[in-house]
Amino acid sequence: MKKYIILPFVCLLFAALPTFAQGPQLDATTTSQSKSTVDPMRFAETISSRDLKDHLRILASDEFEGRETGTVGNDKAAKYISDQFQRLGLPAIGDDDSYFQKVGFTWTMWNEVAMSVNNQSYRHLWDYYSYPVRNAHLPNLETEEVIFLGYGIDDPAYSDYKRARVKGKVIMIYKDEPTDAEGRSYITGSEELSEWSTNWEKKLVVAHQKGVKAVLIIESEIQKSLADNRRFLLGPLISMGNIPNPADNYANSAYISTKIAKEIMGDRLKKVVKARDRIRKKGKSRRVKLKVKLKITQNKNERKLEGQNVLGYVEGIDPLLKEELVVVSAHYDHLGKKGDQIYNGADDNGSGTSTVLELAEAFSQAKAEGSGPRRSVLFMLVTGEEKGLLGSKYYTERPLFPLENTIANVNVDMVGRVDDKHLSNPNYIYVIGSDRLSTELHEINESANKQYTQLELDYTYNDRNDPNRYYYRSDHYNFAEKGIPAIFYFNGTHADYHRTSDTIEKINFRKMTKVAKLVFHTTWELANRDKRIIVDVEE
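A brief look at the structure comes next. All values derive from a computational prediction rather than experimental measurement.

## Here we look at the environment of D83
At step 1: Summarising the element assignment, D83 is placed in helix 3 (residues 72–87).
At step 2: Look at D83 and you get partly exposed, because its relative accessible area is 29%.
At step 3: Spatially, the C-alpha atoms of D83 and Y99 are 8.9 Å apart, while their sequence positions differ by 16 residues.

Shown next, in the form of structure tokens:
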């Protein structure tokens, strides 16, 4: 029986939307006031290094234990943020008249994973690895035969399963797909690879359909693969909502090193290599039976828990434009605590969280003085980013305000440090996504910077061909995927990224304050211009 953990704030039922969130769709040209004549400088100046440091000193303290989603430390951070919104007098628009949008998660991790070949034990997360969410319990599997089955593909153009008796068996396969001497796929007939290479789960689905007991996938670069997938393998994996039982869809699996693969092949290594070469040469599958003593144990733990997005809402003052919304976001979660080591996450993303809190204060002060934004602004600190952009995904799937009235997302993720490229000029910020959907958003940010902050705006990571793919790796992407223009502010990575050394004394608060003011001015313009920005770029 699965264990369920119910945290103090658990409430899986989504609360009714507040009545003011149900406004009608607006004609973008409709307005009851002329363009705001309020000088935003006075409110931007309320953003100070001292206040940013005060917030960050608390958020990145050991008391919050790295703010990992689903932990007490994360709850403490959420409570601190909600206390700030309450102090500012912002309305509690979340679930049960709180500042929270409660987000259900499934927590999954291995209790025990073991593998031995011919009585030689191998190390999980070193010689091999298994994804807990794609594996069911597999206690004490023992076999004396493994079938090398090529690439584990079953496609009309090429199949490894024709006349193969694999029910109840363990198979060993390559992870990609066969190509000829010119690099053309036997499946697509071109150099473009098929889904059998790009979607690794597809092979596990067909193996499950064929009754395969377990799939061993040969990974020639096991250490690199481990590094690339560390967030899915180290510690518990947290997924949004309930996850399906893997046993219903997938065969159990493990990625194994070439060292393990060769041990399984034993004296039939040359025969396997010959079979592989025949596949590549002729595009015809060939399997090899391998005699080996293989033992695998996979036992996991699965629990239900909840996190929360924290919501600070400043309602617009224009009777019509207030139904439109700008969302300003940052994730407040981080990597948590591993043993006695705490990942404080000062830059990632205590810096972004502190920045959004300062913006919320500036906008709420403007509102209190009768000079508030014409459109409404939602300051949203999201959880679960480190687990796969889960908190922002939850919001965009279950928005409190209609997405058709959400005109833009302004996202702040790591803005307190200086990377190696800019050591000689710390007054910079990487800008990502501003022109991906709306040229107006890009122009607004450029203009705000030119008029108020004069930072170097670096668009290196906005390049569609940039291998880091940061555009897809922070919370703004869930808004952009819904067609909502989004801009992402980022200082780049550094030696302390995702390490316990990401601490507050390394933050450049002067630079961080300048970036915060740029974010303020861009948000202010979005919230106050006569017409909402338009989507005029196709991704």
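## Considering the side chain of E177
At step 1: In this structure, E177 sits in the loop between strand 7 (170–174) and helix 4 (195–198).
At step 2: One buried charge, E177, has no salt-bridge partner; the nearest side chain with opposite charge is K203, at 7.2 Å.
At step 3: Of the polar contacts made by the side chain of E177, one reaches the side chain of S194; its length is 2.8 Å.
At step 4: Reaching out from E177, the side chain makes a polar contact with the side chain of S197 at a distance of 2.7 Å.

## Notes on the nonpolar core
At step 1: Among the nonpolar cores identified, the biggest contains 59 residues, and F85, V310, F379, I429, F520 and L526 are the most heavily contacted of them.
At step 2: Counting residues in hydrophobic clusters, the runner-up holds 56 residues, among them V113, Y131, L204 and L216.

## Quick look at the packing of helix 2 (residues 49–59) against helix 10 (residues 346–368)
The description of two helices packed together rests on the angle between their axes and the distance between the axes.
At step 1: Viewed as axis vectors pointing N to C, helix 2 and helix 10 meet at an angle of 130°, and their least axial separation amounts to 9 Å. Between helix 2 and helix 10, the angle is such that the two are oblique. Taken as a pair, helix 2 and helix 10 cross one another with a handedness that is right-handed. For the pair helix 2 and helix 10, contact is made by D51, L52, H55, L56 and L59 and by A346, G350, S351, T353, S354, T355, L357 and E358, respectively.
At step 2: The residue inventory of the contact of helix 2 with helix 10, partitioned by class, reads five nonpolar, six polar and two charged.

## Some thoughts on the environment of F148
At step 1: Mapped onto the fold, F148 is located in strand 4 (residues 138–148).
At step 2: F148 has contacts with M172, Y174, V272, A275, R286, R287, V288 and L290, leaving out every residue within four places of it along the chain.

## Quick word on the environment of K213
At step 1: In this fold, K213 is placed in the loop between helix 5 (201–209) and strand 8 (214–218).
At step 2: The sequence separation of K213 and E385 amounts to 172 residues, and the corresponding C-alpha distance is 34 Å.
At step 3: Leaving out residues up to four positions away in the same chain, K213 has contacts with L138, L141, G168, K169 and N252.

## Quick look at the packing of aromatic side chains
At step 1: By the definition in use, this model includes 25 aromatic pairs.
At step 2: A centroid spacing of 4.9 Å and a plane angle of 15° characterise the contact between Y313 and F401, whose relative ring orientation is stacked. Here Y313, found in strand 11 (residues 288–314), pairs with F401, found in the loop between helix 11 (390–397) and strand 16 (406–412); they are 88 residues apart in sequence, far enough to count as distant.
At step 3: Relative accessible area serves as the criterion here: at 5%, F401 is assigned to the buried category.
At step 4: The interplanar angle of 55° and the centroid separation of 6.1 Å between the aromatic rings of Y461 and F490 together place this pair among those described as tilted. Of this pair, Y461 sits in the loop between strand 18 (456–458) and helix 13 (476–480) while F490 is found in strand 19 (residues 486–490), placing the two residues 29 residues apart along the sequence.
At step 5: By relative accessible area, Y461 is classed as buried at 14%.

## Here's the deal with the packing of helix 2 against helix 14 (residues 509–528)
At step 1: Between helix 2 and helix 14, whose axes approach to 9 Å, the crossing angle comes to 105°. Comparing the axis directions of helix 2 and helix 14 gives the class roughly perpendicular. Contacts from S49, L52, K53 and L56 of helix 2 reach helix 14 at F509, R510, M512 and T513.
At step 2: Among the residues making up the contact of helix 2 with helix 14, the classes are represented as four nonpolar, two polar and two charged.

Parameters and conventions
- Residues numbered from 1 in each chain as written.
- Predicted model: local features only at pLDDT ≥ 70, side-chain atom pairs only at ≥ 80, totals over all residues.
- Heavy atoms only, no water.
- Helix = DSSP H or I, 4+ residues; strand = E, 2+ residues; numbered from the N terminus.
- Buried < 20%, exposed > 50% of the residue type's maximum accessible area, 1.4 Å probe, protein only.
- Lys, Arg positive; Asp, Glu negative; His and termini not counted.
- Salt bridge = Lys/Arg side-chain N within 4 Å of Asp/Glu carboxyl O.
- Polar contact = N/O pair within 3.5 Å; in protein donor to acceptor, adjacent residues only side chain to side chain.
- Core = buried A, V, L, I, M, F, W, Y, C linked by side-chain atoms within 4.5 Å.
- Axes fitted to C-alpha atoms, helices over the stretch in contact; angles between N-to-C directions.
- Parallel < 35°, antiparallel > 145°, perpendicular 65-115°, else oblique.
- Left-handed = near helix turned anticlockwise from the far one by under 90°.
- Contact = heavy atoms within 4.5 Å.
- Nonpolar A, V, L, I, M, F, W, Y, C, P; charged D, E, K, R; others polar.
- Phe/Tyr/Trp six-rings, centres within 6.5 Å; stacked < 30°, edge-to-face > 60°.

Nothing here speaks to function; it is geometry throughout.
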